[in-house]
Amino acid sequence: MTHTSVKTAGAGLAAAALLLLAGATPSAHADTGNWLMLSVSHGENTTAGAAGGTLLRCDPPGGDHPHAQDACAQLSAADGRITALPAEDALCPMIYAPVTAHAEGMWRDRPVTWTETFPNTCTLRAHTGALFALDGT
């Protein structure tokens, strides 16, 4: 058995400070199971995981996602693979106003990192369903 000890309290405080500076909450990233930090930004080639985001927890559905129940059900049906979410039929305008969606977290103890740019918000919603319906509509 290997034991690791910290000789000063300063190391623990430094680690906590780094988590806070990174915008992470220790409980969100220490969990195993099903959780994702989701964000949508306007434009192409935006920084993945830019400041902010919405926490989606599944098992049970929760976090601060406005449609957690539906998003978790859709992800469960796709085994956590965002690219496997079924596209919905939608009549989207042919207006180019790109949005970039980003997800990072864990699904069934597997790390998830996903980023994709869509031509507009309508197309994003058609391809990702409730998962990136972050504005409550």
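Since the model is a prediction, treat every value here as computed from it, not as a measurement.

Novice: For this particular structure, what's the right way to read helix H4 (residues 121–128)?
Specialist: Every α-helix winds through 3.6 residues per turn, so residues three or four apart in the chain are directed the same way. Residues of H4 that are buried include every one of Thr-123, Leu-124, Ala-126 and Thr-128, and no others. On its buried face, H4 is in contact with strand S1 (34–42), helix H3 (68–77), strand S4 (99–107) and strand S5 (110–118). The positive-phi residue at the C-terminal boundary of H4 is Gly-129, with phi of around 55°.

Novice: What is the right way to read H3 from this model?
Specialist: Taken together, the buried positions of H3 are occupied by Ala-68, Ala-71, Cys-72 and Leu-75. Down the axis of H3, the buried set is contained in an arc of 95°. They therefore lie on one face. In H3, those exposed residues whose orientation departs by more than 90 degrees from the buried face are Gln-69 and Ala-77. On its buried face, H3 sits against S1, strand S2 (54–58), strand S3 (62–63) and S4. Count one or two residues on from H3 and you reach Asp-79, which has phi positive near 55°.

Novice: Looking at this structure, I do not really get the state of the cysteines. What am I missing?
Specialist: Covalent bonding between the sulfur atoms of two cysteines is what defines a disulfide. Tallied over the entire structure, the rule returns two disulfides. For Cys-58, the disulfide goes to Cys-72, at an S-S distance of 1.9 Å. Its torsion about the S-S bond being -90°, the disulfide of Cys-58 and Cys-72 is classed as left-handed. With Cys-58 in strand S2 and Cys-72 in helix H3, this residue pair connects regions lying 14 residues apart in the sequence. Note on cysteine connectivity: Cys-92 is disulfide-linked to Cys-122, with sulfurs 2.1 Å apart. Residues Cys-92 and Cys-122 share a disulfide whose torsion about the S-S bond is about -75°; that sign makes it left-handed. Within this pair, whereas Cys-92 is found in the loop between H3 and S4, its partner Cys-122 is found in helix H4, the two being separated by 30 residues in sequence. For the chain, the bonded cysteines pair up as 1-2, 3-4 when numbered in the order they occur along the sequence.

The rules we used
Residues numbered from 1 in each chain as written. Predicted model: local features only at pLDDT ≥ 70, side-chain atom pairs only at ≥ 80, totals over all residues. Heavy atoms only, no water. Buried < 20%, exposed > 50% of the residue type's maximum accessible area, 1.4 Å probe, protein only. Helix = DSSP H or I, 4+ residues; strand = E, 2+ residues; numbered from the N terminus. Contact = heavy atoms within 4.5 Å. Arc of directions from axis to C-beta. Disulfide = S-S within 2.5 Å.

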